[in-house]
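Listed here are the chains, written in short residue letters.
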Amino acid sequence: MKDLVGLIQKHQDNFSKTEKKIAEYLIHNLEKALAFSVEDLARETGTSGATVVRFCRTMGFRGFLDFKYQMERNVLFVLENEQQIKRGDQIPDIKNKIIQYSIGLMNEVRESLDDGALERACDAIAKAKRVIVFAEGGSATMADFAKTSFIHTGVYCHVETDASIQIMAAQYVTRDDTVIGMTHSGRIGNTIDALAAAKKLGAKTIAITGTYGTPICEHADIVLACNINHPFDLSDFQGSRLEEFCILSILQMGTLLKTYEQSNRIAQKVTEAAESRRRK
């Protein structure tokens, strides 16, 4: 929480007299304030909701929710430092740290994902004649999971993870397709170009990415981003994949409920086809 306290202290000269009351309270009660609404913080500091919002904007935040998100990030950062895997850790230590990290991350994902965007994405997938997923690098490891997930919802899914083929495959997209571009960084050129080409051809486009405002978002009708920064070892691969897995699982179940009758018939055929291939 040191970073956020430092930010508050840095703006002390810019605060009004009533805003300074909020600053003083937060410097000493930041963790407690995590559970507060605007009204709660105003009541605790003897100010008003409007003053709380002005206080947040003075520091450059869009409002209280934006500021509160940063408070949560600072608290989680402290926990992540405690969860850092170190030389000398035993298997039980590693197990506990990874599981605790995963729990914390999933809680953040739950708070960060936009429910409206998820609803629109499920609608787009349910109505699509075909779902096409473009991904490479780390995100490509989740592409096969996406393919299996959507096929079981009754929607045909094609995945393209070859960097040199993605832009060519995008030329076959139609207005009946929904195209998903997966890149956690939001900056993988081939995936961005393929999604952009699909959008120009009239397909519904979805970006599954780590952060809002990255280049891939410019070419997406729907953006699904967790907006979570990972400051330690597990973030580069495991954390990113956990986020993508969670988003894809939500899309699978959300789409399934919208295509239940169709998916039920297809799922039966898929099961029968799979069983016929099993060796006795």
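Refer to the structure presented above.
Residues numbered from 1 in each chain as written. Predicted model: local features only at pLDDT ≥ 70, side-chain atom pairs only at ≥ 80, totals over all residues. Heavy atoms only, no water.

J.: Account for a nonpolar patch on the surface, with residues named and values stated.
T.: A cluster of nonpolar side chains, contributed by Ile165, Ile167 and Met168, occupies part of the molecular surface with about 230 Å² of accessible area. Note that isoleucine 165 resides in helix α9 (residues 163-169). Classification of isoleucine 165 as partly exposed rests on a relative accessible area of 32%. (Patch = residues over 30% accessible without salt bridge, like charges linked within 9 Å, V, L, I, M, F, W, Y side chains within 5 Å. Areas by Shrake-Rupley, 256 points an atom, 1.4 Å probe, with all protein chains shown as cover. Salt bridge = Lys/Arg side-chain N within 4 Å of Asp/Glu carboxyl O. Helix = DSSP H or I, 4+ residues; strand = E, 2+ residues; numbered from the N terminus. Buried < 20%, exposed > 50% of the residue type's maximum accessible area, 1.4 Å probe, protein only.)

J.: Now, about the nonpolar core: what can you tell me, with residues and values included?
T.: Within the largest apolar cluster, 32 residues are counted, with the highest numbers of intra-cluster contacts made by Val131, Phe150, Ile180, Ile206, Ile208, Leu224 and Leu251. Once residues lying within four places of it in the same chain are set aside, the contact partners of valine 131 are Ile125, Phe150, Val155, Tyr156, Cys157, His158, Thr178 and Ile180. Counting 24 residues, the second-largest nonpolar core is a separate cluster that includes Tyr25, Val38, Cys56 and Phe64. (Core = buried A, V, L, I, M, F, W, Y, C linked by side-chain atoms within 4.5 Å. Contact = heavy atoms within 4.5 Å.)

J.: So, the sheet that holds strand β5 (residues 222-225): which residues are in play, and what are the values?
T.: Strand order in the open sheet made by the five strands is β2-β1-β3-β4-β5, with parallel pairing throughout. Where the open sheet ends on each side, the last strands, each with one partner, are β2 (156-160) and β5. Strand-to-strand twist in this sheet, taken as the mean axis angle between neighbours without regard to direction, amounts to 20 degrees. Along the sheet, helix α8 (residues 143-151) contacts β1 (130-135), β2 and β3 (177-183); its crossing angle with β2, the most-contacted strand, is approximately 170 degrees. Sheet contacts for helix α11 (residues 238-258): β3, β4 (204-209) and β5; angle to β4, the most-contacted strand, approximately 145 degrees. (Pairing = 2+ DSSP bridges. Axes fitted to C-alpha atoms, helices over the stretch in contact; angles between N-to-C directions.)

J.: Could you give an account of the pattern of salt bridges, with specific residues and numbers?
T.: Per the counting criterion, the structure on display carries six salt bridges. Close ionic contact of arginine 43 with aspartate 40 constitutes a salt bridge, the shortest N to O distance being 2.6 Å. Residue arginine 43 and its partner aspartate 40 are located together in helix α3 (residues 38-45), separated by three residues, close to a single helical turn. On the accessibility criterion, arginine 43 (59% relative accessible area) is exposed. A residue is classified by how much of its surface remains accessible, and aspartate 40, at 22% relative accessible area, is partly exposed. For lysine 258, the salt bridge goes to aspartate 123, with nearest N and O atoms at 2.8 Å.

J.: For the environment of threonine 45, give the residues involved together with the corresponding values.
T.: Secondary-structure assignment places threonine 45 in helix α3. Each C-alpha atom, one on threonine 45 and one on isoleucine 22, is 5.8 Å from the other, the two residues being 23 residues apart in sequence. Leave out the neighbours within four places in its chain, and threonine 45 touches Lys21, Ile22 and Tyr25. For threonine 45, the side chain forms a polar contact with the main-chain oxygen of leucine 41, separated by 2.7 Å. (Polar contact = N/O pair within 3.5 Å; in protein donor to acceptor, adjacent residues only side chain to side chain.)

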